[in-house]
Amino acid sequence: MTLISNSIHNAITILNKEQVIGIPTETVYGLAGNIYSQKAIQSIFTIKQRPTFNPLIVHIKSIQDLSQIARDIPEKALELAAAFWPGPLTLVLKKQSSIPDLVTGGKDTVAVRVPNHPLTLALLEQLAYPLAAPSANPFGSISPTKAEHVAAYFHDTVPMVLDGGACERGIESTIIGFENGEPVVYRLGSLAIEDIVAIVGTVKMMTRDDTTPIAPGMLSRHYAPLTSTLLTANVFELLETFSMQKIGVLVFQNEIYNQKITAQEILSPTGDLTEAASQLYAALHRLDKLNLDLIIAERFPDDGLGKTINDRLQRATKK
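These figures come from a predicted structure and were not determined experimentally.

Along its twelve residues, helix α11 (residues 305-316) runs 17 Å from first to last C-alpha, staying within 8% of the 16 Å computed at 1.5 Å per residue. Counting buried residues along α11, ten of its twelve residues qualify, which places the element largely inside the surrounding structure. Within α11, the full set of buried residues consists of Leu-305, Gly-306, Thr-308, Ile-309, Asn-310, Asp-311, Arg-312, Leu-313, Arg-315 and Ala-316. Where α11 is buried, its residues touch β11 (182-187), β13 (229-232), β14 (247-251), α10 (273-288) and β16 (294-298).

Below is the structure:
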């Protein structure tokens, strides 16, 4: 049975035994282990059933630790780190030779960030090593935004979840790599592209790779409920094509009135994309527990964090 606790002391004890735990971040909960322990890192891949070609993100306590993890750091990477760390930005950089290949999916680059959650920052301050931590969910399923989500997924295999409450951002970090010193977006996330552009100018987009992804979150199908899910620009119209099914609906701000709807989740009645992003996975978790025949999700405005929400819904509905 997984212990849900806010005890940093307990977390350190378990991590020092080369075991893994769930940790809170501002984005989603992570499944964390010592980056220098092959036993811990292998456990992460095994518990998640994650392919080893898919790299993990290294979490460090401050920008001052970056040179221990990465080398040949582009100037624009340093500008982004200074602007957004601690925060929901992951940088993909040339790795130091001390970083195990298992962490990086066998690549010569490493994904790294400073999380913005007080409990996890306090934990990192007291550890002698950084933590590798992909999202704390079985590979391809809905990411967890509460400690209870992690415990429900891994109640027999993860000894503890460090409970930091609900994740403030609710969607994974934005991932940026570099080609000849220029930024490339590998994963849309809870830091909007417009915010990135404001710091470093134009960015290239390269967010899909099903064979040798350089960063997490690039596979076509990801973040998916067990319930069959469809994405549409017109929920009401799509509802009319079904009969006799138990249907759940996920919408941005306006409730849909239709007797065919069994359950409905409204992500932001005020039309706030930041709020909608923070509620997305929690809403999908609730709908996925209702034994529905189908979830219909509404496509979001394609700007700001709406782009990220649409990205997650497109991957969740990919067959």
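So much for the structure itself; the text now carries on.
Here we come to the environment of Pro-269. As for its position among the elements, Pro-269 is in the loop between β15 (261-266) and α10. Taking the C-alpha atoms as reference points, Pro-269 and Phe-252, separated by 17 residues in sequence, lie 7.4 Å from one another. If near-sequence neighbours (up to four positions away) are discounted, Pro-269 is found in contact with Phe-252, Gln-253 and Glu-275.

Among the seven residues that make up strand β6 (residues 89-95), six are buried, leaving the element largely enclosed by the rest of the structure. Relative to β6, strand β5 (residues 70-71) runs antiparallel, the two being bridged by two bridges. Following the sheet pairing, Arg-71 is matched in β6 by Lys-94. The pairing of β6 with strand β10 (residues 174-179) spans three bridges and is parallel. Looking at the pairing, Leu-91 lines up with Ile-176 of β10.

Here we have four strands laid out as an open sheet, ordered β13-β16-β14-β15, and parallel in their pairing. If you trace the sheet from one side to the other, it starts and ends with β13 and β15, each paired once. On average, each strand axis in the sheet is inclined to that of its neighbour by 20°, with strand direction left out of account. The pairing of β14 with β15 spans five bridges and is classified as parallel. In the sheet register, Leu-250 faces β15, and the bridge partner there is Glu-265. Taken strand by strand, α10 contacts β14, β15 and β16, and its axis lies near 170° from that of β14.

Rules of the game
- Residues numbered from 1 in each chain as written.
- Predicted model: local features only at pLDDT ≥ 70, side-chain atom pairs only at ≥ 80, totals over all residues.
- Heavy atoms only, no water.
- Helix = DSSP H or I, 4+ residues; strand = E, 2+ residues; numbered from the N terminus.
- Expected span 1.5 Å × (residues − 1).
- Buried < 20%, exposed > 50% of the residue type's maximum accessible area, 1.4 Å probe, protein only.
- Contact = heavy atoms within 4.5 Å.
- Pairing = 2+ DSSP bridges.
- Axes fitted to C-alpha atoms, helices over the stretch in contact; angles between N-to-C directions.

None of the figures reported here should be taken as evidence of function without further support.
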